[in-house]
Amino acid sequence: MKSLITLLCLLLCSAGAYARGPQAPAAPKPSQSTDKGGFVLEMTLNGDGLKNGVNVLDLSLRDRSGKPVEGAEITVTPWMPVMGHGVWEKPVVTERGGGNYQVGNVVIIMGGLWELRIGVAKGKLQERASFPFYVAEKEEAKKEAVEKPREGLQRQTAYYNVPNVTLLNQDGKKVNLRALIDSGKPVIVNFIFSTCTTICPVMSASFSNLRGELGAGADRVQLISISIDPENDRPERMKQYLSRFNSGPGWEFLTGSRDDIGRVLKAFNAFVVDKMSHEPLYLFRAPNSEEWIRIKGLVRKSDLMNELQRMEKK
Amino acid sequence: MTFAYGQVRRLVGGTMLSLLFFWGAAQAGGAPETVAGLPAHEALRLGEAMYRKGILPSGGQMKGMVQGDIEMDGTMSTCANCHMRSGMGSMEGGVLTPPTSGSKLYAPLTRQQDIPGPMMNRSMFNSPPRPAYTDASLANALLYGVDPTGRRLRETMPRYLLTEDETKILVFYLKQLSGSYSPGVDAAQIRFASIVTDRVSAEEKSAMLLPLQAFLKEEWNERLLVLGSQWNARWYGSGGGKPGDAPALRKAVLDVWELKGPASTWDKQLETLYRKQPVFALLGGTTPGPWGPVHRFCEENRIPAIFPSTELPTVSETDWYTIYFSKGVYQEGETAAKYLSRVFELPQDKRVVQVFRDNERGRALARGFADTWKQLGKAPLSERLVPAAEKIGAEFWDRLSAAHPNAALVLWLAPEDLSGLGQLAAGANRPSTLFFSSTLLGAALGPLPDAVRDFSFITYPNRLPEEDQYARSLFTNWMKIKKIPITNAEISSKSYFFTRLLSRTLLDMGTDYHRDFFLDLLDSAPDQTNSSLQYPRLSFGPGQRYASKGCYVVTLTKGEKPKLVRQSDWVIY
């Protein structure tokens, strides 16, 4: 199977068929042994193989006898052998139990022949495997153009490992961030502080307006504002801040120790050295989805409504 | 302690009148007698409420539209929120908020030089030039988001829903906002004062003043020309600025105001000193007692006072003009309450007794604890106020523990009041928990008997001894360079700390010498984690008036040379 794909890819490449190459063959479950024969890796890709853009894939890891291997350290590196380069984005590997691992944030930046180089380390064993893929040039360019955000906004797909931290909400209650995000509702996250000058009032007003638009059903979306000035933002102060924006059930303002907040900000790629240099960010996640949409820039109410509808369709 | 409100009102009135006079003179045509049918002073008052609080003259909320479809009202944000009280604008989250003070609005905005504030703000200005606003074009900007050239303003600027009269009032306010220099500034000098009292020793006085004087002389006054040309080069790139363009930075003068006698007479003395020689702001200052009378004077007269060294500041959520290091001993009381409630999780029905002496420190600690305890919704406290004449000894502890067996005791007491404390551990009514303040116990914390250390907690509002090496080296090296002997590190290091902030703030202020701008700039300072010897972190923000937000809770190991063991994070929620 592997050699067949490789051959096909090479043929296509040598024929100079990059631009309008035929649809890459679906590679539903390629499987191979690692270089020293210690493990067998099976890969499941969502959709039609590896695509130009952000990919998620599942790996199932077994040992020689076919038993699932748990607790292995897995690294995934997208590599373009012909061009001799990889990508900036680092895939994120999450262990799912039973020898299953999910790999998010596999970012492919152009069409052509790619390899997914996989390293497996468990105990003393350190082995490797490489899965070749032919990636088609972007054909969904038109579709993307439709989804292209308004000018001034950057919208992208992202994958985050939400840290397992317990924060404090505006009522002084302990809230587990992961549990809150997994509460089954569409989630919108932003980062603010109560004495922020310019962008936070606008971001909070956008949440307030979204809730106003949804009326009685406002709590069908979970809004989460995370403080980036945790020392000053105490529950009393956060409660008072929220009251200025007609808050209510479905909108949590969270603070916590500087370490915990730092972990959260780093996990969401939102860490700034000083609160004054933070950026307007909105993160959206549909229920039970691994995929986040990250928007940088100050949004309109209509942008939030569009994202909410998209999340609710999923 | 009475306060001469009448005199203060006269003082403020004087400022307001001179403001109006200046405005009138600047208009050449003379000030209008009325604005939207109101006397000018009334229009200013109403305009200020619109600008700062988002409240319309009718009493309703100002309403506007941002981002094209987001309604915003005066409770959510105000003009001052983004443009700051001074109207000098701000830069945050990649969004430059241009200045809205009269002097800047009614002048062309053509180059980065025209944007006040830190280099970062200027460098963000890359819009095409605009001519000066007029009353009519300013109204267009407020209502429709259009600048004098017809270009649309950024969507983040609200399009306001205002009547014609409301617009006139706001335009009138903006036109005079930061229109003239604040008192204490002339063509050559900017004047400051430091306050000491006759209760401050000569040694403490020079520990506070010497670093400050050295900074102003060596790092500011003697470098004015260099700073001016650097300012020029930094902002406009090499070759961008002509030597003659350098701003005329003012020489700093520091007066020392020494207050004498009882605190009730300070307001009179302050007023006399201020009348004789007005100052732009108060820097540092120290007194062993409450800072309250100075705080009130500054609040009434809108004089910034930054970083007085005091254990007894005025604790207020809304006052504006004094920035403190912390809430002093009050903050230790708060910390003990939060720790017992949220970290130690004392059972809800546990009896808690506060014991304190009837003096300023004792009362402030007890107030901090009681206010927080109540806020946390805990059961009522018992309090035992000990009059000065009453002696505390074995008998006192016996009676206290008999009256409140197995209670948690919060003991805001000094070492001399701890004799006989050790026997508390042995009795049947042994308290479950003891709490102390390290400020009252003194630096050694030694007087706590071994027998009670197992169940004693201490509030500790400073860096831990092992945490301060780096900050200490910064401070001592600086003092060495300035050739100042270290006689009182606690006081001198506080002065050192705020000279670091001052150095940046004075430069960023450029020649826009407005008190509100001075405070706006301090409010946007980044967190400071190295330059304070005493505090692990000092942080700032509009309206944040107590820069240290934390206080550790520690315990002591047994033995003659006890070690501190940290029991909490710096900040307890």
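This text follows the structure it describes.
Below, the structure is looked at part by part.

Rules and cut-offs
Residues numbered from 1 in each chain as written. Chains lettered and ligands numbered in written order. Predicted model: local features only at pLDDT ≥ 70, side-chain atom pairs only at ≥ 80, totals over all residues. Heavy atoms only, no water. Helix = DSSP H or I, 4+ residues; strand = E, 2+ residues; numbered from the N terminus. Buried < 20%, exposed > 50% of the residue type's maximum accessible area, 1.4 Å probe, protein only. Contact = heavy atoms within 4.5 Å. Salt bridge = Lys/Arg side-chain N within 4 Å of Asp/Glu carboxyl O. Pairing = 2+ DSSP bridges. 1 Å grid on protein atoms, 1.4 Å probe; cavity = no way out; pocket = protein on both sides within 12 Å on 5 of 7 lines; lining within 4 Å. Points joined across faces, edges and corners; volume = space filled by probe spheres on them. Nonpolar A, V, L, I, M, F, W, Y, C, P; charged D, E, K, R; others polar. Polar contact = N/O pair within 3.5 Å; in protein donor to acceptor, adjacent residues only side chain to side chain. Axes fitted to C-alpha atoms, helices over the stretch in contact; angles between N-to-C directions. Parallel < 35°, antiparallel > 145°, perpendicular 65-115°, else oblique.

### Describing the overall build of chain A
Scanning chain A for helices and strands turns up 7 helices and 16 strands. Here chain A, with 314 residues, has 51% of them falling under the buried criterion. A sequence separation of at least 24 residues applies to 68% of the contacts in chain A between residues at least 6 apart.

### A few points about the pattern of salt bridges
Residue and element names in this part refer to chain A. Evaluation of the coordinates by the stated rule reveals 44 salt bridges over all chains. Arg310 is the salt-bridge partner of Glu307, the closest N and O atoms lying 3.0 Å from each other. Of this pair, Glu307 and Arg310 both sit in helix H7 (residues 301-313), separated by 3 residues, roughly a single helical turn. Under the relative-accessibility criterion, Glu307 is labelled buried at 7%.

### Details of the sheet that holds strand S8 (residues 189-197) of chain B
All names here are of chain B. With parallel pairing, 5 strands are arranged side by side in an open sheet as S9-S8-S10-S11-S12. Edge positions in the sheet fall to strand S9 (251-259) and strand S12 (322-323), since each of these pairs with one other strand and no more. When strand S10 (residues 281-283) meets strand S11 (residues 305-306), the two strands line up parallel, connected through 2 bridges. Directly across from Leu282, in S11, lies its bridge partner Ala305.

### Quick notes on empty space enclosed by the protein
Residue and element names in this part refer to chain B. For the structure on display, the rule yields 5 cavities of 30 Å³ or more. Taken as a whole, the second largest cavity encloses approximately 50 Å³ of empty space. Contributing to the lining of the second largest cavity are Leu346, Pro347, Gln348, Lys350, Val352, Trp373, Lys378, Ala379 and Pro380. The residue inventory of the lining of the second largest cavity, partitioned by class, reads 6 nonpolar, 1 polar and 2 charged.

### Here's the deal with the side chain of Asn488(B)
Residue and element names in this part refer to chain B. For Asn488, the location among the structural elements is in the loop between helix H17 (469-481) and helix H18 (489-509). Taking relative accessible area as the criterion, Asn488 reaches 18% and is therefore assigned buried. In terms of polar contacts, Asn488 uses its side chain to reach the backbone amide nitrogen of Ile491, at 3.2 Å. When sequence neighbours within four positions are dropped, the list of residues in contact with Asn488 reads Glu203, Glu204 and Ala207.

### Side note on the sheet that holds strand S14 (residues 382-386) of chain B
Residues and elements named next belong to chain B. The 7 strands lie next to each other as S14-S13-S15-S16-S17-S18-S19, forming an open sheet whose pairing is mixed. Only two strands of the sheet have a single partner each, and these edge strands are S14 and strand S19 (564-566). If you compare each strand with its neighbour and ignore which way they point, the axes differ by 25 degrees on average. Here helix H12 (residues 329-343) sits on the sheet in contact with strand S15 (408-412), strand S16 (433-437), strand S17 (456-460) and strand S18 (552-556), set at roughly 155 degrees to S16.

### A word on unusual backbone geometry
What you tend to see is this: most non-glycine residues have negative phi, and most peptide bonds are trans. Here the phi dihedral of Asn269(A) falls at roughly 55 degrees; this positive angle occurs in a residue that is not glycine. Residue position: Asn269(A) is located in the loop between helix H6 (258-267) and strand S15 (281-285). For Ala36(B), which is not a glycine, the phi torsion comes out positive at approximately 50 degrees. On the secondary structure map, Ala36(B) appears in the loop between strand S1 (34-35) and strand S2 (38-39).

### Quick look at the packing of H17(B) against H18(B)
Residues and elements named next belong to chain B. Direction vectors running N to C along H17 and H18 enclose 85 degrees, while the axes themselves pass 10 Å from each other. Comparing the axis directions of H17 and H18 gives the class roughly perpendicular. Judged by residue contacts, Leu474, Phe475, Trp478 and Met479 of H17 engage Ala489, Ser492, Ser493, Tyr496, Thr499 and Arg500 from H18.

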